Amino acid sequence: MAIYDKDNLFAKILRGEIPCNKVYEDDYALAFHDINPQAPTHVLVIPKGEYVSWIDFSANAPADLMAGFIRAVGVAARELGLEKDGYRILANTGGDANQVVPHLHIHIFGGKNLGPMLAS
Ligand code: 5GP
């Protein structure tokens, strides 16, 4: 299992050492706008815990954090006004998915028709 790097970018955002454009926060998660948006709305949701990826989180997170994190993704999308027209969520996980930041993050994309699921 990958070792969690406490100095990864999103750990620094969680600690407030790097600023973010916050959308939503609760005891379990922080949601903020992606710095390089790939859609009219592009928000990242990260759990408040040290989890490298979905692999790590789904295997090792306590049930209350899992539930709180999943709920926070839904609340953030709702507060962004995306429920009427829909949205896409995605978690790049590991090498083949080109995960860049080694702290689990769910991308929320919306604000237009997002086309096919994967670019060819
Ligand atoms: P990944 O490729 O790991 O799934 O996604 C990492 C995301 O983090 C990318 O969409 C990238 O634009 C975003 N990102 C990188 N650096 C920063 C930053 O300093 N602030 C914010 N808000 N997003 C960032």
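So, here is what we can say about the structure in this document.

Criteria and cut-off values
Residues numbered from 1 in each chain as written. Predicted model: local features only at pLDDT ≥ 70, side-chain atom pairs only at ≥ 80, totals over all residues. Heavy atoms only, no water. Near = heavy atom within 4 Å. Polar contact = N/O pair within 3.5 Å; in protein donor to acceptor, adjacent residues only side chain to side chain. Areas by Shrake-Rupley, 256 points an atom, 1.4 Å probe, with all protein chains shown as cover. 1 Å grid on protein atoms, 1.4 Å probe; cavity = no way out; pocket = protein on both sides within 12 Å on 5 of 7 lines; lining within 4 Å. Sits in = over half its atoms within 2 Å of the grid points. Helix = DSSP H or I, 4+ residues; strand = E, 2+ residues; numbered from the N terminus. Expected span 1.5 Å × (residues − 1). Buried < 20%, exposed > 50% of the residue type's maximum accessible area, 1.4 Å probe, protein only.

### Considering the site of the ligand
Part 1: Around the ligand lies a shell of 16 residues, among which Asp34, Asn92, Val100, His105 and His107 are the nearest.
Part 2: In this structure, a nitrogen atom belonging to the ligand sits 3.0 Å away from a main-chain N or O atom of His33.
Part 3: The protein chains hide 80% of the 520 Å² of surface that the ligand would expose on its own.
Part 4: Judged by the proximity of its atoms to the pocket grid, the ligand belongs to the largest pocket.
Part 5: Elements represented by at least two residues in the shell around the ligand include exactly α1 (9-14), β2 (29-33) and β3 (41-47).

### So, helix α3 (residues 63-79)
Part 1: Compared with the 24 Å implied by 1.5 Å per residue over 17 residues, the 24 Å span of α3 between its first and last C-alpha is a close match.
Part 2: Residues of α3 that are buried: Leu65, Gly68, Phe69, Ala72, Val73, Gly74, Val75, Ala76 and Ala77.

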